[in-house]
Amino acid sequence: MAASNVLVALARTHFTLVMAELQGHLKAAGEMSKEFVLVTLSKLFTSYAPQCISFMWLMLAGLRSVVGWVRGGRTLRIACAVVKQWLEGVKVHLGSGKQCPWPAIEIEKIYKNLSQLFCSVLRNWQDCQEEEDKQAVLGAVATMMAVLLQEELPREHVWEQLLWLVRLYQEVQDTCRGTKSLTIFLEALEGFQSVIPKDKFLAITSAVFYQLSDDTKEHSEADRAELTHCILLQARICPEETVLFLQSQLGADRKAGCVAALGLLGALARSDEPMMTKKLPQVVEAVQCLCSDPRTQVRRAILHFIKDVLSANARSCSAWDVVGHIFSEFSRSTGRRAAGDLSAQEAREEGALQELCMDILGSLDVSVRGMTKLLWPRLLLYVVPAQYTGMLIPVSRCVQALAERGDLMVREVEDLDPHFLSSMFQGPLLTPQTLLARLLVVAGSPFAGSELQAAALLLMLNLHSRIHRAVGAMWAAEIPLLLQCLQGKDESFPDSAEWEQRLLKFLRASLDTMEDEAWTKGLSCELSRWLSSSASSSGEKSFLYKALGTVLGACKEVLHIQEKLLQHLEEANAEEPSEAQGMISLLSHAAESNFHTVLDTLTMFASRLCKGQKGRISRRKKMELDSRRAHATRSALILAHGSLALRASKEQLLARLEGDIVGNILLLYSCSCRDLQNTLALVQSITDFSSAFQAVGDSACFNPSLKGKLLEILTELLKKYYLGTPVSPVPLKVVLALEQLSKLKPSLGTKDMCDMLSLCCKNVVLHPSAEMMLKIRKSQQAAQYLQLLQTSLKALGRLMVVLLETETSGFFQNIVHRSMTSDNMWERKRALQICSQLLAACEELRRGDACKHFGSLVGLLAPLTCDPMPTSRQLAVTCLSSLLRIQAKATNGVIKMGDIGSLCEGLNDHSTVCQLQTSSKIARIVYRNFPLEDTIDFMMAIKDAFRKAKGTRVRAAGRWMITFLQMYGKDICQDVRDFLPRVLDFCWLLHYGLCCLPQVLQKHNQSAEPGWCEI
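Residue numbers here run from 1 along each chain, matching the order of that chain's written sequence. With pLDDT at 70 or above as the cut-off, local features in this predicted model cover only qualifying residues; side-chain atom pairs require 80 or more to be listed or tallied, and sums for whole chains, interfaces and linings still use all residues. Excluded from the side-chain calculation are hydrogens and water; included are all heavy atoms of the structure.

The helix and strand labels rest on DSSP assignments: H or I over at least four residues marks a helix, E over at least two residues marks a strand, and numbering proceeds from the N terminus. Helices and strands together make up the secondary structure of the protein chain, namely 51 helices and 0 strands. Expressed as a percentage of the 1015 residues in the protein chain, the buried residues total 53%. Excluding contacts between residues fewer than 6 apart, the proportion of contacts in the protein chain whose partners are at least 24 apart in sequence is 76%. Accessible surface area values rest on a Shrake-Rupley calculation with a 1.4 Å probe, where residue burial reflects the displayed protein chains alone. Accessible surface, the protein chain as shown: approximately 45,100 Å² in total, 52% of it carbon and sulfur. The rule is simple: take the accessible area with a 1.4 Å probe, protein chains only, and divide by the maximum for that residue type; under 20% is buried, over 50% is exposed, in between is partly exposed. Throughout, a residue-residue contact means that at least one pair of heavy atoms, one from each residue, lies within 4.5 Å.

Any Lys or Arg side-chain nitrogen located within 4 Å of an Asp or Glu carboxyl oxygen qualifies as a salt bridge. For the structure on display, the rule yields 21 salt bridges. Between R508 and D512 there is a salt bridge whose closest N-O contact spans 3.2 Å. You can see R508 and its partner D512 sitting in helix α26 (residues 496-514), 4 residues apart, about one turn around the helix. One salt bridge connects R529 with E526, and the closest N-O pair in it is separated by 2.3 Å. Placement of the pair is R529 and E526 together in helix α27 (residues 517-533), with a separation of 3 residues, close to one helical turn. For E526, a relative accessible area of 10% corresponds to the buried category. In the salt-bridge network here, residues are joined through shared partners; they are R299, E329, R332, R336 and E350.

The subject of this paragraph is helix α20 (residues 392-405). Each full turn of the α-helix corresponds to 3.6 residues, which orients residues three or four apart in the same direction. In this model α20 runs 20 Å from its N-terminal to its C-terminal C-alpha over 14 residues, within 8% of the 20 Å that 1.5 Å per residue would give. For α20, the set of buried residues is L392, I393, P394, V395, S396, C398, V399 and L402. Buried residues belonging to α20 abut α17 (322-339), α18 (344-362), α19 (371-375), α22 (432-444) and α23 (450-462). Immediately beyond the C-terminal end of α20, within one or two residues, lies G406, with a positive phi of roughly 75 degrees. Helix span, expected: 1.5 Å multiplied by one less than the number of residues in the helix.

By the element assignment, T372 lies in helix α19. Between the C-alpha atoms of T372 and V399, which are 27 residues apart in sequence, the distance is 9.9 Å.

A word on the packing of aromatic side chains. Aromatic pairs are defined between Phe, Tyr and Trp rings, using the six-membered ring for Trp, whenever the two ring centres lie within 6.5 Å; interplanar angles under 30 degrees are classed as stacked, those over 60 as edge-to-face, and all others as tilted. Applying the stated criterion across every chain, the model contains 15 aromatic pairs. Taking 5.6 Å as the distance between ring centres and 75 degrees as the angle between the ring planes, the aromatic pair formed by F693 and F702 counts as edge-to-face. Among the residues examined, F693 registers a relative accessible area of 9% and is labelled buried. Seen in terms of ring centroids, F938 and F964 are 5.0 Å apart; in terms of plane orientation they differ by 45 degrees. Their pairing is tilted. With F938 in helix α47 (residues 935-948) and F964 in helix α48 (residues 952-968), this residue pair connects regions lying 26 residues apart in the sequence. You'll find F938 and F964 in the same group, each marked buried. Site record: aromatic cluster; members linked through ring pairs are F854, Y927, F930, F938, W960, F964 and Y968.

Quick look at the nonpolar core now. Counting residues in hydrophobic clusters, the biggest one holds 290 residues, and the most contacted among them are L457, L796 and W960. If one sorts the elements of this core by residue count, helix α8 (residues 131-148) sits on top with 10 residues. Among all residues touching L457, those that are not within four sequence positions of it are A443, I479, L482, L483, L486, W499 and L503. Residues enter a nonpolar core if they are buried and are Ala, Val, Leu, Ile, Met, Phe, Trp, Tyr or Cys, with the set joined through side-chain atoms within 4.5 Å.

With that settled, the discussion passes to α27. Between its first and last C-alpha atoms α27 spans 24 Å; for 17 residues at 1.5 Å apiece the expected length is 24 Å, and the two agree. Against α22, α24 (464-467), α26, α28 (541-554) and α29 (558-571) lie the buried residues of α27.

This brings us to the state of the cysteines. Two cysteine sulfur atoms form a disulfide, by the criterion used here, when they sit within 2.5 Å. If you walk through the whole model with that rule in mind, you get 0 disulfides. C879 takes part in no disulfide bond, and the closest cysteine sulfur, belonging to C835, lies 3.9 Å away. Exposure remark for C879: the relative accessible area of 0% places this residue in the buried category.

Here Q247 shows up in helix α13 (residues 239-250). In this view, Q247 contacts Q282, V283 and A286; residues no more than four positions away in its chain are not counted.

Running from N to C, helix α16 (residues 296-312) and α18 point in directions that differ by 10 degrees, and their axes come no closer than 10 Å. By the angle between their directions, the pair α16 and α18 is classed as roughly parallel. When α16 is examined against α18, the residues T296, R299, R300, L303, H304 and K307 are found in contact with a partner set consisting of E349, E350, L353, L356, C357, D359 and I360. We call Asp, Glu, Lys and Arg charged. Ala, Val, Leu, Ile, Met, Phe, Trp, Tyr, Cys and Pro are nonpolar, and the rest, Gly among them, are polar. Across the contact of α16 with α18, the residue classes tally to 5 nonpolar, 2 polar and 6 charged. Angles run from 0 to 180 degrees between N-to-C directions of axes, and those axes are lines fitted to C-alpha atoms, restricted for helices to the stretch in contact. In what follows, roughly perpendicular refers to angles from 65 to 115 degrees, roughly parallel to angles under 35, roughly antiparallel to angles over 145, and oblique to any angle outside these ranges.

This part takes up unusual backbone geometry. In this model, E515 sits at a positive phi of 50 degrees, which is unusual for a non-glycine residue. Position of E515 relative to the elements: it lies in the loop between α26 and α27. For R674, which is not glycine, the phi torsion reads 60 degrees and is therefore positive. Summarising the element assignment, R674 is placed in the loop between α34 (650-671) and α35 (676-695). According to the relative accessible area criterion, R674 is partly exposed, its value standing at 43%.

This part takes up the side chain of Q562. Mapped onto the secondary structure, Q562 falls in helix α29. A relative accessible area of 16% places Q562 in the buried class. Sequence-distant contacts of Q562, defined by excluding residues within four places in its chain, comprise T597, D600, T601 and M604.

Here we come to the confidence of the model for the protein chain. One rule of thumb: low pLDDT means the predicted coordinates there are not for detailed reading. Considering every residue of the protein chain, the mean pLDDT works out to 77; 77% of them sit at 70 or more. Here pLDDT means the predictor's own confidence in every residue, given as a number from 0 to 100. Counted against residues more than four places away or in other chains, residues 410-416, with its pLDDT under 50, gives 9 contacts.

Here T179 lies in helix α10 (residues 175-190). For the pair T179 and E226, spaced 47 residues apart in the sequence, the C-alpha separation amounts to 6.8 Å. Beyond its immediate sequence surroundings of up to four residues, T179 is in contact with Y169, E226, L227 and C230.

Next up, the structure:
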């Protein structure tokens, strides 16, 4: 290599001498010398190309001698590289026209030597075996052919040898390098006006196309790009033949060939070549024939072709509804995925096709010529059908882009696309109400997702003129606010329920703005049609019930409202919980502005369900009335009456509560089978209308006899379920109903209230048992039941507060003392919850009743400060704190030694010793505020704890007793002398007290007070 560099440097001053020497060595024997010469000649051309051109014919003659004896290897590859390098220079100079440095005779000699070299290469190197040798020969031959094309005489020889070039190309393994070599020849061919023989051209096209469509090879992106470029180059040379060839491949059975042809046709459409613009409609028609092809790869390729065509020239698609095909493919994939019989791979492929459909429509450039006519108003056809719901996002973007361009103007019929018109009249009529109903359902669907909901709202905003002329300004102000909620900009938007409420409020405001009764009736009919055709399992049906109710609430025609309500009350299958709730929602929303009409309709329908229950009716009718569906419908109607009461105004409620609402509820309940569903519905409706009547805030009294009848029903339910199935929610809900009903005037008598409280305590406080609580906590409905239990306990506490407000004496004798000393820790906890509520109410109402029972309450609460349940320990301290505050207010004093609430942390300690120590500290604070006249009550109560309690509760009771005697033994001698002998009868004194009591007695023996020695 050093010698080669020396010769190149010497050529700077003695170029002719060096070149002559090298040319001489080309003919010399010895492979190494020729390799050295070839490398040096390549370097010379790199450094001194203009000087080398003068030696071109001599160089070609020398290379011919090299070809004659070299058969492969490194020398062959270097020789081919030199041929390509020097001939590239020849092409440049021959193509320079008048500036060509050679005279005509010189050019003739060059072509002659090149032809001889070309023939020599074909003769000697056509059978080379090595891959690298084949690649080198292919590049050299392609370059020689490119130069020979410039002269007419050798051009014929080129045509003759073209098939050899194609064969060599097909043998080369490196597709990219082989295609680049072939491209050199094609680029040269493009520059001349000569017509290549069709059979030769098709051979090239077939060879390249086969490489591209060969699914046994994994082509890189670079390989595919090079192959595609090669085909596009051929299309520029022979457009007619190329397009016809690719079209012929569309109908081939080979899937890979069809996919490759579609990709190439799309690339041709995207290239924006003038020749392709003319042929594109023909190509589009050919591709349209593949629409029904079931193969996934072909379907994807068709979609990519459509994307390429739409990005280039939308007018070429006039013969084929390509937009419709995009939607059809989306629907096709949706259906296949919903069928559930696809493999995981097939499901992913169908999902990818759906994403591609959305991407194509979403990325359309509406400014492309012919795009507006292609899209508008054809897009409206795909807004309403449910199978295209997922496409609303790109549809919304397209419509918004068209709106920004001002293209959503009203078009004359003759300006519309004929295909659109035929589709429009073949399908259902696209009315403004149909459009709004569909967009509302999507916007209100909890399963749609915020992006899809936003798309529906944007479509409403951009199509407002197509929906109703009156809503433009109102929607322009309100819809952006709704969009902010979906985008998370509004922090006051917590859940889907509130979103539904906002959307329904927006719907009602829109209808009020329109003030168009006929339009509103049309919308109600459209929503009614959607509702009737929706499956019970459909996620949108719940919203449809509410939307229809809202629209009927805005209607004024009574007969129309009744017709639609009765239709859907009859159609609904109340055995489905969602359908039952839908009926209630429909009636409730419709009653907003048409309360009396809805209640009259409900009364009419209820009478049908109860008609003939006691009379003579046909057997078939009796079976209908006794069916499960009929009973479920009665339950739903019972609940609907309660819901109506909650929505009624003061005047409406006072006018229709007792006679119609309550009367209908009792009628429906009397005709029902009174199973769990009917019973729960009755109890809930009583809770609802009682709450509604109480909220009226009027001095009006509820009918006493009607109230008594309702109380009797609820009381019977408590008796029925007492000691029944513990997990039944009925007793718990009855307590909630009694709480509301008891607040209605006139108030209940004391005896009735106490009896009712006793029943409530038995159902809510005493049950369920400890064993059943453990089973409940392991069940699937545990959280729901426990939540209801807590709610019922709070309601029972509030119910007792109602009694507290009217009861003047003897109240605390009725508290659940038994439960606070029960072995069931859950029962003790529930009793403490009730007690804490009552004491809090006493404190708030400034009632001193609790002070009369101070001693007994302290005796009951003392052992519970060391209860096994942490919650019970805290509740016990809460009760004691309330009791001390009540005592202080009653005596106009202050709590001595501070608030015991600060000691609660010690009770949370896991150590029993720490709990007992903290309990003793609490005892000292309580005793500092203890009225000594309650000593007997205290000792009697704590005696029960020693008799019934176990574990730490007994030890806590002992600590409290000893602490009390230590602090007040001297002062209570007379009382204890009468009481203590009875206390000594219990084993607790022998077991626990005798250890400490002698010390207490010895301490007080020297007291001046008589009696201790006798004891």
